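Now for the letters of each chain:
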Amino acid sequence: MAAKIWFGIRSRAKYLRRLSVVFAVEVRLKIVTELYMREMSPKGFHEEFGGGSISRVTQNFERLAETGWLRHVNTKGPGGRRRGGREHFYRATELAFCDQETWAMLPYSIRVTASWNAFKQIAQRLREAIEAETFDSRRDRHLTGTQLALDQAGWVRVIDAVTAEFVSQFEEQEDSRRRVACTGEDLIRASSILMAFESPAQGKAPASPSLVEHSEEPSIPFPLRLSKVFEDAMCIQIVAAANEREISAPEFYREFGGGSVKAVRRRFKKLIDAGWLKEVGSKTGGKRRAGHEVFHRATGPAIVRDDGSWVGVPESLGKSGAWTTFERLTAKAKEAMVAGTFDAREDRVLSWAILALDQLGWEKVTISVRALLATVLEEQKLAAVRRKESGEPPIVATVALGAFESPLEAIKEP
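Below is a summary of the structure that appears in this document. Nothing here was measured: the structure is a model prediction, and the numbers come from that model. (Residues numbered from 1 in each chain as written. Predicted model: local features only at pLDDT ≥ 70, side-chain atom pairs only at ≥ 80, totals over all residues. Heavy atoms only, no water.)

### Quick word on helix H6 (residues 108-131)
Over its 24 residues, H6 extends 35 Å from the first C-alpha to the last, a length consistent with the 34 Å expected when each residue adds 1.5 Å. When you tally the buried positions in H6, you get 18 out of 24 residues, the bulk of the element. (Helix = DSSP H or I, 4+ residues; strand = E, 2+ residues; numbered from the N terminus. Expected span 1.5 Å × (residues − 1). Buried < 20%, exposed > 50% of the residue type's maximum accessible area, 1.4 Å probe, protein only.)

Right, dumping it as C-alpha cells:
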C-alpha cells in the first residue's frame, strides 16, 4: 500500500508542494480565502485582519503571487489617502484545498486528521455565529443533519448533488460580486456547510488502521503541519508506511530507498516534530549489534477526548436549537471517524466556506440548499425501492447542510 501511495503521490507532488506554500504560514491561508471573495491590497488586508507588520503581510502577498495563488488586478494611486504611494490589489486564483484525486492518495492518518480539524473549525464558526446573534438574524437560514439509508447508486447521486451545490455557491458569489459593482449594495458574509459521509452500520467492525493518538494536541498550527508533510513526497510515503505497521528509518530505507539512511532519518524527525509520527518501541541486538533501532507509527487525532469548541458552552448557547442540531451531528461525525467510515469513501464531502453574497445571491443559495435537502430525501425513497428488489444492504449516510450569516471578524491576527 505504501508503494502504491508513493507512485500516486509522485504524480501529484507538484500540486502538493504548491499547496504547502499556502499552508506554510497561517496568514497565507487567510489571504487566499479572503481574496477569493474580493480584491484586496496588502494594506487593506492588514487594516482589516492584521497579520503582523504591513511589511510581513506584503511579503506573504508577494510569495503567493510568485507561486500563482494571487493575480494582480489593479493599482490605485498616488493621491487620496495614499498620498504619493501606490496600492496594488490582488484576487486569489483558486481556493486552497485537495482535489478528490489527490485526497484519495493521501494516507488515512492524514485524511482523518484533516477531517477532524475541519470539523472543529466548522464548530467554532457556528458557535461564533450563534453567540454574535448573526445565525438567527435571517429567517431563511438553514441547518440540518439527516441520516439516510441508501444503496450505491443513491450514494453516488447524493454526492454528485452535494458537490454540484458546492460549485453553484461559488458561482453565485461571482454573480453577486458583479451585481454589487453596479448596485453598490453591501455584501452579506455567509457561511456554508456541506457534508456527506458514511456512518457505521450496526455491528460492523472498524475499518480504519490502528493509529496512535496524541496525548495532547500538537502545538504546531494544523496548516503548518500539513505544509511539512506536503512539501516532500517522501514524507507522505513514510506516513503511509507507518499507517500499515511499526517502522524505523533504517527499515524504510531498506525497503524504499531515499538517498541515504541519514536523509530518511531527517524526514522521520521532521514528521515527529510536526506530530505525524510517534515512537512506539525500539530494538537492539542481532544485526543491529550495539545499535538502537527506534520504531514509529502514524498518529491520529484524539477524537473522543477532544472537546474543542464544545468546552464551556454557555447555558444560552446550549439551549439553542441550532447548537442542539450540531451536537447531534457531532456525535454522528465522531462515531464515523472512530469507526473509520467517515473517510472510508474517497468521494465523501466535508466543506465549510465563507461566501460574500448580495441579497439576491443569499436568497438563491438558501433556496438551493432547501431544494438539495428535498433531493437527498427523495434519493433515499428511490434507494429503498431498489434495495427491496436487489437485496443490497443499506449504506448508512449522514448529510449535513447549512447556510447562515457569519459575524465580521473582530480579532486581528497578531
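### A short note on the side chain of Gln173
Relative to the helices and strands, Gln173 is located in helix H7 (residues 152-183). Those residues within four positions of Gln173 in sequence are excluded, and the remaining contacts are Tyr36, Met37, Ile354, Leu355, Ala356 and Leu357. (Contact = heavy atoms within 4.5 Å.)

### A few points about the pairing of strand S9 (residues 395-405)
In terms of residue burial, S9 counts as a mostly covered element, since 11 of its 11 residues are buried. Of the two faces of S9, the one lined by Ile395, Ala397, Val399, Leu401, Ala403 and Glu405 and the one lined by Val396, Thr398, Ala400, Gly402 and Phe404 are each fully buried. In this structure, strand S3 (residues 142-150) lies alongside S9, joined through nine bridges in antiparallel fashion. Along S9, the bridge assignment pairs Gln147 with Thr398. Summarising the sheet, strand S4 (residues 188-198) and S9 pair through nine bridges and their orientation is antiparallel. Looking at S9, one finds that Glu198 is bridged to Ala397. (Pairing = 2+ DSSP bridges.)

### What about the pattern of salt bridges?
Once the charged atoms of two side chains with opposite charge are near each other, the side chains can pair. This structure, assessed with the given rule, holds 28 salt bridges. With a shortest N-O distance of 3.3 Å, Glu174 and Arg91 are connected by a salt bridge. Here the residue Glu174 occupies a position in helix H7, and Arg91 occupies one in strand S2 (residues 87-92), the gap between them amounting to 83 residues. Glu379 is the salt-bridge partner of Arg157, the closest N and O atoms lying 4.0 Å from each other. On the criterion of sequence distance, the pair formed by Arg157 in helix H7 and Glu379 in helix H14 (residues 359-390) is long-range, its members being 222 residues apart. (Salt bridge = Lys/Arg side-chain N within 4 Å of Asp/Glu carboxyl O.)

### Section: the sheet that holds strand S6 (residues 277-284)
Reading across the sheet, the three strands line up as S5-S7-S6 and stay open at both edges, with mixed pairing between neighbours. Edge positions in the sheet fall to strand S5 (212-213) and S6, since each of these pairs with one other strand and no more. Here S5 pairs with strand S7 (residues 292-300) via two bridges, running parallel. Bridged to Glu213 within S7 is Gly300.

### Quick word on the packing of aromatic side chains
One pass over the full model with this rule turns up 15 aromatic pairs. A ring pair is formed by Phe23 and Phe230, whose centres lie 6.1 Å apart and whose planes are at 50°; its orientation type is tilted. Here Phe230 lies in helix H8 (residues 222-230) and Phe23 lies in helix H1 (residues 2-23), a separation of 207 residues in the sequence. Accessibility assignment for this pair places Phe23 and Phe230 in one class, buried. Seen in terms of ring centroids, Phe252 and Phe256 are 4.8 Å apart; in terms of plane orientation they differ by 40°. Their pairing is tilted. Of this pair, Phe252 and Phe256 both sit in helix H10 (residues 249-256), separated by four residues, roughly a single helical turn. Positioned above the aromatic ring of Phe89, the side-chain terminus of Lys76 is 4.7 Å from the ring centre. Sitting above the plane of the Trp155 ring, Arg345 keeps its charged end 5.0 Å from the centroid. (Phe/Tyr/Trp six-rings, centres within 6.5 Å; stacked < 30°, edge-to-face > 60°. Lys NZ or Arg CZ within 6 Å of the ring centre and 35° of its normal.)

### Some points on the sheet that holds strand S8 (residues 349-357)
Taken in spatial order, the four strands line up as S3-S9-S4-S8 in an open sheet, and their pairing is antiparallel. A single partner strand is all that each edge strand has here, and the edge strands are S3 and S8. Pairwise comparison of adjacent strand axes, ignoring direction, gives a mean angle of 10° for this sheet. Here H7 sits on the sheet and contacts S3, S4, S8 and S9; the angle it forms with S8, its principal contact strand, is near 20°. Strand contacts of H14: S3, S4, S8 and S9, with the helix running at about 15° to S3, the strand carrying the most contacts. (Axes fitted to C-alpha atoms, helices over the stretch in contact; angles between N-to-C directions.)

### Thoughts on the nonpolar core
In a soluble, globular protein the nonpolar side chains are often hidden away together inside. Counting residues in hydrophobic clusters, the biggest one holds 48 residues, and the most contacted among them are Leu19, Leu35, Phe45, Val229, Phe230 and Trp276. Sequence-distant contacts of Phe230, that is, excluding residues within four places in its chain, are made with Leu16, Arg17, Leu19, Ser20, Phe23, Cys98, Leu106 and Ile236. (Core = buried A, V, L, I, M, F, W, Y, C linked by side-chain atoms within 4.5 Å.)

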